[in-house]
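Commentary on secondary and tertiary structure
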Amino acid sequence: MAVNEERYQEIISELLSKKVQLVAVSKLQSVEDIQRLYDLGQRDFGENYVQELTEKYEALPKDIRWHFIGHLQRNKVKYIVPFVHLIHAVDSMDLLKEIDKQGRKNERVISCLLQMHIAQEETKFGMDEKELEEAVGLLGTAETQFDNVCIKGLMGMASFSDDQEKVRNEMQRLKSLFDKHKHVKSEKLEIQLLSMGMSGDYKIAIEEGSNMVRIGSLIFGERKK
Ligand SMILES: *Cc1c(COP(=O)(O)O)cnc(C)c1O
């Protein structure tokens, strides 16, 4: 388990030239390794598990921007809302309502991405096109509800597959949904971020228009199970 500093620098300069943001996915990685990457200048880190995130938040520098990228259960929203920077995987209006409610309690406006279901695999969470339309319709107008969330974009995960064309097709679908809604702008919705691409497929993701990639194992090495 060691941070691959050289590869990190390579990825950073590649992403910089393409204006793509890096979320370093640190789930199941040690506090020491996160600190090492922090010392190299990395500030955006992604975590999947609520308890692990709250422990790392306590242990690490407070200017880290914590991204919650995993599937979030409604009853756990309250633990991360006080400090989270961006919640990537909002996959239902019920979850968004809970984030809004906890945001209000904490007097914060919580930035969120809507997770779209793009993979053919059934295991992946996310909204379908119809649910996205409904969410955009609701938040893209001057509604009085949802004062404490702001939708900043879309997130998706392609299939884990060696079939690059399949991965590319799924990403193109997400990009077209992104393009369709990126003109909508309200106080609570502004589709600007497209969080797409991981260690295995981030190059394809960037080619297909991603502007935020979530890379873990390529930088940190394999995760302990
Ligand atoms: C774990 C995870 C990643 C990073 O995966 P790597 O293959 O290690 O880069 C990215 N996005 C999500 C949603 C994840 O759960």
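Given the structure is predicted, the values throughout are model-derived calculations rather than measurements.

Rules of the game
- Residues numbered from 1 in each chain as written.
- Predicted model: local features only at pLDDT ≥ 70, side-chain atom pairs only at ≥ 80, totals over all residues.
- Heavy atoms only, no water.
- Phe/Tyr/Trp six-rings, centres within 6.5 Å; stacked < 30°, edge-to-face > 60°.
- Helix = DSSP H or I, 4+ residues; strand = E, 2+ residues; numbered from the N terminus.
- Buried < 20%, exposed > 50% of the residue type's maximum accessible area, 1.4 Å probe, protein only.
- Lys NZ or Arg CZ within 6 Å of the ring centre and 35° of its normal.
- Near = heavy atom within 4 Å.
- Polar contact = N/O pair within 3.5 Å; in protein donor to acceptor, adjacent residues only side chain to side chain.
- Areas by Shrake-Rupley, 256 points an atom, 1.4 Å probe, with all protein chains shown as cover.

Evaluation of the coordinates by the stated rule reveals two aromatic pairs. When the centroid spacing of 6.0 Å and the interplanar angle of 40 degrees are considered together, the rings of F45 and W66 count as tilted. Of this pair, F45 sits in strand β2 (residues 44-47) while W66 sits in strand β3 (residues 65-68), and the two are 21 residues apart along the sequence. A residue is classified by how much of its surface remains accessible, and W66, at 0% relative accessible area, is buried. It is R43 that lies over the ring of Y38; its NZ or CZ is 3.6 Å from the centre. In this arrangement the basic side chain of K62 is found over the ring face of Y57, its NZ or CZ atom lying 4.8 Å from the centre.

Surveying the vicinity of the ligand reveals 13 residues, the closest of which are K27, N48, S199, S217 and R223. Side-chain polar atom of N48 to an oxygen atom of the ligand: 2.7 Å apart, as the coordinates give it. Within the contact set of the ligand, an oxygen atom lies 2.8 Å away from a backbone nitrogen or oxygen of G216. Against a free-state accessible area of 390 Å², the protein chains account for coverage of 91% of the ligand.

Of note in the backbone geometry, K19 takes a positive phi value of approximately 55 degrees without being a glycine. Topologically, K19 is positioned in the loop between α1 (5-17) and β1 (21-25). With a relative accessible area of 71%, K19 lands in the exposed category. Residues other than glycine seldom take positive phi values, yet L28 does so here, at roughly 65 degrees. Position of L28 among the secondary structure elements: in the loop between β1 and α2 (31-39).

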